[in-house]
Amino acid sequence: MLLRKLLKPAISFFVFSLWFLNLSAEFRLTPNKGQWQSDILFQSELNACKLFVRNAELTYLFYNSNQVKEAQHSNNFSGTVDAHALNIRFLGANPKAIYSGQNECESYTNYFIG
């Protein structure tokens, strides 16, 4: 019962954040195949936000997308990027839970690891 009370607000926040961030019809969680830290299970690119899924944990990294674009496309960018992280831990969650994806996308992303 306690777990249900804890999950309900977290899931509500998750759904609200997807709506707030103008999520398109396709919500894509990319599995970690060695391109990120080993504790990250899945990652998603949202509008001005990245979502990292870990065991019993969600981390939202909100950032100023205009500053990121400027940093990526300017040869003399020396400023900073405003960002904030929100971490949600599901207390009492099964530490040995098995996570798997569903409805695999036909498209793919290549990563350079090196």
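Residues numbered from 1 in each chain as written. Predicted model: local features only at pLDDT ≥ 70, side-chain atom pairs only at ≥ 80, totals over all residues. Heavy atoms only, no water.

Colleague: Which residues make up the overall build of the protein chain, and what values do they have?
Modeller: Summing up its helical and strand segments, the protein chain has two helices and five strands in all. Considering the protein chain as a whole, with its 114 residues, one finds that 24% of them fall into the buried category. Taking all contacts inside the protein chain whose residues are at least 6 apart in sequence as the whole, residues at least 24 apart take part in 44%. Here the protein chain has roughly 9,000 Å² of accessible surface; of this, 55% comes from carbon and sulfur atoms. (Helix = DSSP H or I, 4+ residues; strand = E, 2+ residues; numbered from the N terminus. Buried < 20%, exposed > 50% of the residue type's maximum accessible area, 1.4 Å probe, protein only. Contact = heavy atoms within 4.5 Å. Areas by Shrake-Rupley, 256 points an atom, 1.4 Å probe, with all protein chains shown as cover.)

Colleague: Mind laying out the nonpolar core, listing which residues take part and the relevant values?
Modeller: Counting residues in hydrophobic clusters, the biggest one holds ten residues: Phe 42, Leu 46, Cys 49, Leu 51, Val 53, Ala 56, Leu 58, Tyr 60, Ile 88 and Phe 90. Residue assignment for this core shows that the elements contributing at least two residues are β2 (40–46), β3 (49–54) and β4 (57–63). Ranked by the residues each element gives to this core, the list is headed by β3, at three residues. (Core = buried A, V, L, I, M, F, W, Y, C linked by side-chain atoms within 4.5 Å.)

Colleague: Talk me through unusual backbone geometry; I want residue IDs and the actual numbers.
Modeller: Despite not being glycine, Ala 48 has its phi angle at roughly 60 degrees, a positive value. When you line up the elements, Ala 48 lands in the loop between β2 and β3. Although it is not a glycine, Ala 56 adopts a positive phi angle of roughly 60 degrees. On the secondary structure map, Ala 56 appears in the loop between β3 and β4.

Colleague: Lay out the pattern of salt bridges with the relevant residues and their values.
Modeller: The final tally for this structure, using the stated rule, is three salt bridges. In this structure, Arg 54 and Asp 39 form a salt bridge, with 2.9 Å as the shortest nitrogen-oxygen distance. Residue Arg 54 is found in strand β3, and its partner Asp 39 is found in the loop between β1 (30–31) and β2; the two are separated by 15 residues along the sequence. Taking the relative accessible area as the measure of exposure, Arg 54 reaches 15% and is therefore buried. Here Lys 50 makes a salt bridge to Glu 45, at a shortest N to O gap of 3.4 Å. You can call Glu 45 partly exposed: its relative accessible area is 49%. (Salt bridge = Lys/Arg side-chain N within 4 Å of Asp/Glu carboxyl O.)

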